[in-house]
2 protein chains.
Amino acid sequence: MTRVVGVIGGGQLARMMTPPAINLGLEIYVLAKESSESAKIAVTALGDHTDTQALLNFARECDVVTFDHEHVPQSVLTELVAAGVNLQPKPEALLYAQDKLLMRKRLAELGVPIPGWAEVTTVAEVDAFVAEYGGRAVVKTARGGYDGKGVRVVSSGTEVADWFAALAQGEALLVEEFVSFTRELAQMIARRPSGEVALWPVVETMQANGVCAEVIAPAPSSAGKVADMAADIATTIAHGLDVTGVFAVEMFETTDDRILVNELAMRPHNSGHWSQDGSLTSQFEQHLRAVLDLPLGATAMVAQWAVMSNILGGPASGDLDAASAQLMAEYPEAKLHLYGKSPRPGRKIGHVNVIGDELDRAVAAARGATAFFQD
Amino acid sequence: MTRVVGVIGGGQLARMMTPPAINLGLEIYVLAKESSESAKIAVTALGDHTDTQALLNFARECDVVTFDHEHVPQSVLTELVAAGVNLQPKPEALLYAQDKLLMRKRLAELGVPIPGWAEVTTVAEVDAFVAEYGGRAVVKTARGGYDGKGVRVVSSGTEVADWFAALAQGEALLVEEFVSFTRELAQMIARRPSGEVALWPVVETMQANGVCAEVIAPAPSSAGKVADMAADIATTIAHGLDVTGVFAVEMFETTDDRILVNELAMRPHNSGHWSQDGSLTSQFEQHLRAVLDLPLGATAMVAQWAVMSNILGGPASGDLDAASAQLMAEYPEAKLHLYGKSPRPGRKIGHVNVIGDELDRAVAAARGATAFFQD
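It should be emphasised that the depicted structure is a prediction, and the values quoted were computed from it without experimental measurement.

**Q** Explain the overall build of chain A to me, please; I cannot follow it from the model alone.
**A** Tallying secondary structure elements over chain A gives twelve helices and 17 strands in all. When the backbone C-alpha atoms are referred to their principal axes, chain A occupies close to 55 × 50 × 45 Å. For chain A, the residues scored as buried account for 59% of the 375 residues in total. Within chain A, residue pairs in contact and separated by at least 24 positions form 63% of the contacts whose partners lie at least 6 positions apart. With the model as given, the accessible surface of chain A reaches about 13900 Å², and the carbon-plus-sulfur share is 49%. Looking at chain A, you have 29 positive and 46 negative side-chain charges, and the mean spots of the two groups are 2 Å apart.

Quick look at the structure:
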């Protein structure tokens, strides 16, 4: 019987799981809110990801159910598990991507290096933390943050007074050390329910306006100690949090040579898009293998370097066809990935991967190719 | 506006055009006979490929229409063109893949090296050809041959008396020199309507029972003269026959160091499946770019060698899932491609690609991986 992988959410991650599902002879079913979403070719059911009955009906057709995003409420996830749905990753693992306070507590328990942090419910507690950590700190809402939202750098607790005022009974904010980092790294890892893990090389990620803009794999000058630390951290988290599927550990490399975990994303991630063209096994194929508890694929790179550059916004003309044709003409080696989304300022509508044995050429090509979409 | 590529036929070639269509942000619509066919994820219309009205209705939704196979009758193709459908390749090019006699005549006119041949309508003419060419010859039906069907090696015209008896008025058979070849080669090439061509390295193809079993890219010891001859031949045919899209030129390398064209396939072809994992641009992505008259992608290989091994038949148990899992466990570097087809003796249901810098290891892995499906 052909195995059916169900994906909750019809965004670009679900879309990009589709090609490897086709290759591997799997069926991929997607539950989306609308039939026009990014993953529309695989959409088999419409419904909201907070609608337990819709998810149960959908899950009945699937051998395993996984996620395009982390927004399904825990209460709904719990009901699905109680009904016997094979969710991968499990609600217990997703929780740590949904709640940054719980994530910090759990990572601290696991002994994973993280920035200094505290759980705070008052302006005064933020002020005390700021005083302890050199005059500024980062305050985050425990839930709902994404691409720079729900994060503020502050020098006084009054700067998040509005967030405190909006907290419900029992809720708190997270305050963290403002880390002086030299660069941001990400470690993509896959883990099967039966325990096998596979890691890609640690990568360097560059943000623009709080959104991932460029990724270089492997992170330059990371061979050895940095790569080993990143791999150890991700492996510890994978087993410690019982994560299944592919997930991302976003990290800071600090000016004082520490590696600190910043965020977790419990799913394939922008930091791993380079693997579609730069690795023997892409993160999307690996995710399908992992959630089905199949043996994981080799993660060796097919070139010395892979560079991923995001397409943010789109051309002023709105004409993606013309931009695509220009890209193809000028950069025949560039691999274009579009998400079937309409251009809108700042919206992530695609990316370009370039592989090669010379980093500067690959970076220039990835940026040059992307530039046709960003006039 | 998102461009729509329509594909007539729902087989594995249409299926394998789907992943690059998703990557490039194109829409792919497939017309199949049944919704359960190999390309089912992209099927948007049901109908027979000989039903002009069904094809017209389908084509109305598409910017360009291309093919999963070469079986649409010329009369139907002509009607589509007359109705303004943008067919790629054109009927005039498809004709040479549909009719081997016309193909031989046209290639002879173009000066392309081909085996000795004659058009024959009687047993006596075959006998005369056999006498001239050393006691044996290959007789082929002009139309309908595929994977070894419609081909007979004979030493006497009486061995094809039944074919002559079945010929309609005006029809003829093709008789060809029995070529002593050292190996079979294939040259994949892409051509856009505006004239640009792109070639992959010439490959060696190995047949088993008349069906392609294994492909090595590039063909060993082909650098230089052999590669140049193969590329020249394919380029001459591409322009001379005004072919668009990706197509395959199947060739013999003879014991007396000639390269002779055997067959043409006017579409992506089994000889090019290695490119899905072994080239910067797969034949399926290139076909989409070519039929849309978009700039072609780079065809450089991502490793020194790529080996493709077909999955023919399937496991006796019929359990593709178990065979897939075994393959993944033993050969984590192997790239599996299944076509969503039920196993049946001799049926092509998938293939495995392995890339690497050591040919013997890649061949062993591709064969080993495939063996799990062929107990």
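**Q** Sorry, what's going on with the packing of aromatic side chains here?
**A** Think of a pair of aromatic rings as described by two things: how far the centres are apart, and how the planes are tilted against each other in angle. Residues and elements named next belong to chain B. All chains considered together, the criterion is met by six aromatic pairs over all chains. When the centroid spacing of 4.4 Å and the interplanar angle of 20 degrees are considered together, the rings of Phe129 and Tyr133 count as stacked. Judged by its relative accessible area of 5%, Phe129 is buried. Residue classification places Tyr133 among the partly exposed positions, given a relative accessible area of 30%. Summarising the aromatic geometry, the rings of Tyr331 and Phe372 are spaced 6.3 Å apart at their centres and angled 55 degrees between planes, so their arrangement reads as tilted. Here the residue Tyr331 occupies a position in the loop between α11 (320-330) and β16 (335-338), and Phe372 occupies one in the segment after α12 (359-371), the gap between them amounting to 41 residues. Exposure remark for Phe372: the relative accessible area of 22% places this residue in the partly exposed category.

**Q** What exactly am I supposed to notice about the packing of helix α1 (residues 12-24) of chain A against helix α10 (residues 283-291) of chain A here?
**A** Between two packed helices, both the angle of their axes relative to each other and the distance between the axes serve to describe the pair. All names here are of chain A. In the contact formed by α1 and α10, the axes pass within 8 Å of each other and the chain directions differ by 70 degrees. Considered as vectors, α1 and α10 are oriented roughly perpendicular to each other. When α1 is examined against α10, the residues Leu13, Met16, Met17, Pro20, Ala21 and Leu24 are found in contact with a partner set consisting of Phe284, Glu285, His287, Leu288 and Arg289. Each residue belonging to the contact of α1 with α10 can be placed in one class, and the counts come to eight nonpolar, one polar and two charged.

**Q** Even after reading the chapter, I still don't get the interface of chain A and chain B, so can you show me in this structure?
**A** Interfaces are often sized by the accessible area lost when the parts come together. At the junction of the two partners, chain A supplies 36 residues and chain B supplies 36 residues. Taken over both partners, the interface formed by chain A and chain B buries close to 3300 Å², and the fraction arising from carbon and sulfur atoms is 58%. By the criterion of area lost to chain B, the three top residues of chain A are Ile22, Ile41 and Met328 of chain A, representing 19% of everything that side buries. Between Lys335 of chain A and Glu285 of chain B there is a salt bridge, with the nearest N and O atoms lying 3.0 Å from each other. In this structure, the connection of chain A to chain B is made through 16 residue pairs in polar contact (both at pLDDT 80 or more). Those elements that place two or more of their residues in the side of chain A that touches chain B are α1, β2 (27-32), α10, α11 (320-330) and β16 (335-338) of chain A. The dominant element in the side of chain A that touches chain B, judged by the number of residues it contributes, is α1 of chain A, at six residues.

**Q** Can you help me understand the sheet that holds strand β6 (residues 137-141) of chain A in this one?
**A** The strands making up a sheet associate through hydrogen bonds between their backbones, and the pairing can be parallel or antiparallel. Residue and element names in this part refer to chain A. Strands sit in the order β5-β8-β6-β7 across an open sheet of four strands; the sheet is antiparallel. Since the sheet does not close on itself, it has two edges, and those belong to β5 (117-120) and β7 (151-154), each with one partner. Sheet twist, expressed as the mean angle between neighbouring strand axes with direction ignored, is 25 degrees. Direction of pairing for β6 relative to β7: antiparallel, over a ladder of four bridges. Within β7, the residue paired with Val139 across the bridge is Arg152. Packed onto the sheet, helix α5 (residues 100-110) meets β5, β6 and β8 (173-177) and runs at close to 140 degrees relative to β5.

**Q** Looking at this structure, I do not really get α11 of chain B. What am I missing?
**A** Along an α-helix, residues three or four positions apart point the same way, because every turn accommodates 3.6 residues. Every buried residue belonging to α11 of chain B is among Leu320, Asp321, Ala323, Ser324, Leu327 and Met328 of chain B, and all of these are buried. Seen from one end, α11 of chain B has its buried residues packed into an arc of 165 degrees, which puts them on one side. At its buried positions, α11 of chain B is contacted by α1 and α10 of chain A together with β16, β17 (348-356) and α12 of chain B.

**Q** Explanation requested: the relation of the copies chain A and chain B in the structure shown.
**A** The second copy of the chain is related to the first by a rotation about an axis and a shift along the axis. Least-squares fitting of chain A to chain B yields an RMSD of 0.0 Å, with the transformation described by 0.0 Å of translation along the axis and a rotation of 180 degrees. Both chain copies can therefore be described as sitting about a two-fold axis. No C-alpha of chain A approaches the rotation axis more nearly than that of Pro19 of chain A, which lies at 2.2 Å. Interface overlap between copies: 100% of the residues of chain A at the interface are likewise at the interface in chain B, consistent with a symmetric, same-surface contact.

**Q** What is the right way to look at the pattern of salt bridges in this model?
**A** It is possible for side chains of opposite charge to pair when their charged atoms get near one another. Under the counting rule described, the total for this entry stands at 42 salt bridges over all chains. As a salt-bridge pair, Glu253 of chain A and Arg183 of chain A come within 2.6 Å of each other at their nearest N and O atoms. With Glu253 of chain A in strand β13 (residues 245-254) and Arg183 of chain A in strand β9 (residues 181-191), this pair connects stretches of sequence that are 70 residues apart. Each member of the pair Glu253 of chain A and Arg183 of chain A is classed as buried. Between Asp48 of chain B and Lys33 of chain B there is a salt bridge whose closest N-O contact spans 3.9 Å. One end of the pair, Asp48 of chain B, is in the loop between β3 (43-46) and α2 (52-59); the other, Lys33 of chain B, is in the loop between β2 (27-32) and β3, and 15 residues separate them in sequence. Here Asp48 of chain B falls in the partly exposed class, since its relative accessible area comes to 29%.

**Q** I'm lost on the pairing of strand β12 (residues 211-217) of chain B in this one. Help?
**A** Moving residue by residue along a regular strand, the side chains alternate between the two faces of the sheet. Residues and elements named next belong to chain B. Across the seven residues that make up β12, a large majority, six, are buried. In the sheet, strand β11 (residues 203-208) pairs with β12 via five bridges, with the strands oriented antiparallel. Within the sheet, the bridge partner assigned to Met206 lies in β12 and is Glu214. Sheet analysis places β12 next to strand β15 (residues 305-312), joined by four bridges and oriented antiparallel. Counted as the bridge partner of Val215 is Met308 from β15.

**Q** When you look at unusual backbone geometry in this model, what are you seeing that I'm missing?
**A** Leaving glycine aside, a negative phi is the common case for residues, and trans is the common case for peptide bonds. For the bond from Ala217 of chain A to Pro218 of chain A, the omega torsion is -10 degrees, close enough to zero to count as cis. The phi torsion at Asp242 of chain A lies on the positive side, around 55 degrees, for a residue other than glycine. With respect to the secondary-structure elements, Asp242 of chain A resides in the loop between α8 (225-240) and β13. In this model, Ser221 of chain B sits at a positive phi of 55 degrees, which is unusual for a non-glycine residue. On the secondary structure map, Ser221 of chain B appears in the loop between β12 and α8 (225-240).

**Q** Looking at this structure, how should I read the nonpolar core?
**A** Side chains of nonpolar character tend, in soluble globular proteins, to be buried together. With 44 residues, the main nonpolar core has Trp274 and Ile355 of chain A together with Trp274 and Ile355 of chain B as its most contacted residues. When contributions to this core are tallied by element, the ones reaching two or more residues are β9, β12 (211-217), β13 and β15 (305-312) of chain A together with β9 (181-191), β12, β13 (245-254) and β15 of chain B. In this structure, Trp274 of chain B is in contact with Trp200, Pro201, Val203, Val215, Ala217, Ser279, Met301, Ala306, Met308 and Asn353 of chain B, ignoring residues within four places of it in sequence.

**Q** How should I be thinking about the sheet that holds strand β5 (residues 117-120) of chain B in this particular structure?
**A** All names here are of chain B. If you walk across this open sheet you meet the four strands as β5-β8-β6-β7, and the pairing is antiparallel. Each edge of the open sheet is held by one strand with a lone partner, namely β5 and β7 (151-154). Sheet twist, expressed as the average angle between the axes of neighbouring strands with direction ignored, equals 25 degrees. Here β5 pairs with strand β8 (residues 173-177) via four bridges, running antiparallel. By the bridge assignment for β8, Trp117 is matched with Glu176. The strands touched by helix α5 (residues 100-110) are β5, β6 (137-141) and β8; relative to β5, the strand with the most contacts, the crossing angle is about 140 degrees. Along the sheet face, helix α6 (residues 123-132) touches β5, β6, β7 and β8 and points at about 165 degrees away from the line of β5.

The rules behind each value
- Per chain, residue numbering runs from 1 following the sequence as it is written.
- Lettering of chains starts at A and numbering of ligands starts at 1, both following the order in which they are written.
- Under the rules for a predicted model, residues below a pLDDT of 70 receive no local features and side-chain atom pairs below 80 are neither given nor counted, while totals for whole chains, interfaces and linings still include all residues.
- Only hydrogens and water are set aside when side-chain values are computed; all heavy atoms of the structure are taken into account.
- Secondary structure follows DSSP: runs of H or I at least 4 residues long count as helices, runs of E at least 2 residues long count as strands, and numbering of each begins at the N terminus.
- Relative accessible area decides the class of each residue, using a 1.4 Å probe on protein chains only: under 20% of the type maximum gives buried, over 50% gives exposed, and in between gives partly exposed.
- Residue contacts are defined here by distance: any two heavy atoms, one from each residue, within 4.5 Å place the two residues in contact.
- The accessible surface values rely on the Shrake-Rupley method and a 1.4 Å probe; as for residues, cover is taken only from the protein chains in view.
- Neither His nor the chain termini are counted; the positive set is Lys and Arg, and the negative set is Asp and Glu.
- The location of each charge is read from NZ of Lys, CZ of Arg, CG of Asp or CD of Glu.
- Whether two aromatic rings pair depends on their centres lying within 6.5 Å, for rings of Phe, Tyr and Trp, where Trp uses its six-membered ring; planes under 30 degrees apart make the pair stacked, over 60 edge-to-face, and the rest tilted.
- Here an angle of 0 to 180 degrees is reported between the N-to-C directions of two axes, which are lines fitted to C-alpha atoms, with helices fitted over the stretch in contact.
- To sort the angles, those under 35 degrees are grouped as roughly parallel, those over 145 as roughly antiparallel, those from 65 to 115 as roughly perpendicular, and the leftovers as oblique.
- Amino acid classes used here: Ala, Val, Leu, Ile, Met, Phe, Trp, Tyr, Cys and Pro are nonpolar; Asp, Glu, Lys and Arg are charged; the rest, including Gly, are polar.
- Buried area: the accessible area, evaluated with a 1.4 Å probe, that two parts lose upon being put together, summed over both parts.
- Whenever a carboxyl oxygen of Asp or Glu lies within 4 Å of a side-chain nitrogen of Lys or Arg, that contact is scored as a salt bridge.
- Counted as a polar contact is a pair of N or O atoms within 3.5 Å, where, for protein atoms, one must be capable of donating a hydrogen and the other of accepting one, and residues adjacent in sequence contribute only when both atoms are in side chains.
- Only strands that DSSP links by at least two bridges are regarded as paired with each other.
- Each C-beta atom gives one direction from the helix axis, and the arc is the one those directions make.
- C-alpha atoms of residues with pLDDT of at least 70 in both copies form the basis for the least-squares superposition of the copies.
- We define the nonpolar core as a collection of buried residues of types Ala, Val, Leu, Ile, Met, Phe, Trp, Tyr and Cys that are connected through side-chain atoms lying within 4.5 Å of one another.

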